[in-house]
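# Results of the structural survey
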Amino acid sequence: GPVRPHLEETLIKPMPLDGSADELPDASALLRHGFSIASMCLVFVVTGAVIHVLLYIGEVVEGKTDNIILQNLPLLLYMAVVSAFQTGYNELAKWLTKHERHSLSSFYLRSLTMKSAVFQLMNNHGWFLYLAFWKRDMAYLRSQLLMFFTVKQVIGHFV
């Protein structure tokens with residue numbers, strides 16, 4: 001792919017095929033990628049904690065009332081959190097990828113796409129994955145999916 005203009009002076013040199021030490025990435029590149037991975041892991045922990053808290057709120061509310069609107073309030077809160085987190089995730093993915101200093105546009109786009117896809121999967125489906133694989137409550141998962149897609153459809157119709 002084309003070289004990103006502001007990185008022309010830092011082009012990656014072709015690696016020798018003789019097994020010399022030049023094949024190893026430099027320490028600063030490893031540090032930059034390690035920081036990106038650590039940042040993504042931290043985001044997943046925060047997202048998981050938010051999902052856990054919202055589900056805990058749902059269990060407390062479910063034990064105190066039979067009102068279906070109040071029982072589904074955590075899902076509605078989750079939908080608000082998803083939209084707020086999405087903006088933050090997009091900016092974080094761009095920032096992390098920029099600071100990895102990829103020399104080729106194709107490497108930059110591949111890294112940005114991977115981060116964005118992982119963030120979106122976690123953000124949009126984390127709630128349901130938590131219900132399916134952690135809590136293993138299929139009846140609650142079914143009701144939450146029905147509510148989620150119904151509300152998304154209604155919001156999409158008006159927005």
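As a reminder, the structure under discussion sits directly above these lines.
Read on for a plain summary of the structure. What you are looking at is a predicted structure, and each value in this text was computed from that prediction instead of being measured. (Residues numbered from 1 in each chain as written. Predicted model: local features only at pLDDT ≥ 70, side-chain atom pairs only at ≥ 80, totals over all residues. Heavy atoms only, no water.)

### Remarks on the nonpolar core
Counted only if it meets this: Take the buried Ala, Val, Leu, Ile, Met, Phe, Trp, Tyr and Cys residues and link them wherever side-chain atoms come within 4.5 Å; each set so joined is a nonpolar core. Each residue gets one of three labels from its accessible area relative to the maximum for its type: buried under 20%, exposed over 50%, partly exposed in between, using a 1.4 Å probe on protein chains only. Strands here mean DSSP runs of E at least two residues long; helices mean DSSP runs of H or I at least four residues long; both are numbered from the N terminus. Contacts are assigned to residue pairs that have any heavy atoms within 4.5 Å of one another.
The biggest cluster of nonpolar side chains holds 16 residues, and the ones touching the most others in it are Ile51, Leu55, Leu75, Tyr78, Trp127, Phe128 and Leu131. Counting only elements with at least two residues in this core, the list comes to helix H1 (27-64), helix H3 (73-99), helix H4 (105-135) and helix H5 (138-158). Sorting elements by how many residues they give to this core places H4 first, with five residues. Those residues in contact with leucine 131 that sit more than four places away from it in its chain are Leu55, Arg136, Asp137, Tyr140, Leu141 and Gln144.

### Focus on the side chain of arginine 32
Which entries qualify depends on this criterion: In protein, a polar contact means a hydrogen-donor-capable atom and an acceptor-capable atom, both N or O and within 3.5 Å, with residues adjacent in sequence counting only if both atoms are side-chain atoms; elsewhere, any N or O pair within 3.5 Å suffices.
Here arginine 32 shows up in helix H1. A polar atom in the side chain of arginine 32 sits 3.1 Å from the backbone oxygen of glutamate 100. Setting aside its immediate chain neighbours within four residues, arginine 32 contacts His99, Glu100 and Arg101.

### Brief notes about the environment of histidine 99
Within the fold, histidine 99 resides in helix H3. For the pair histidine 99 and histidine 33, spaced 66 residues apart in sequence, the C-alpha separation works out to 8.9 Å. A polar contact is formed between the side chain of histidine 99 and the backbone oxygen of tryptophan 95, at a distance of 2.8 Å.

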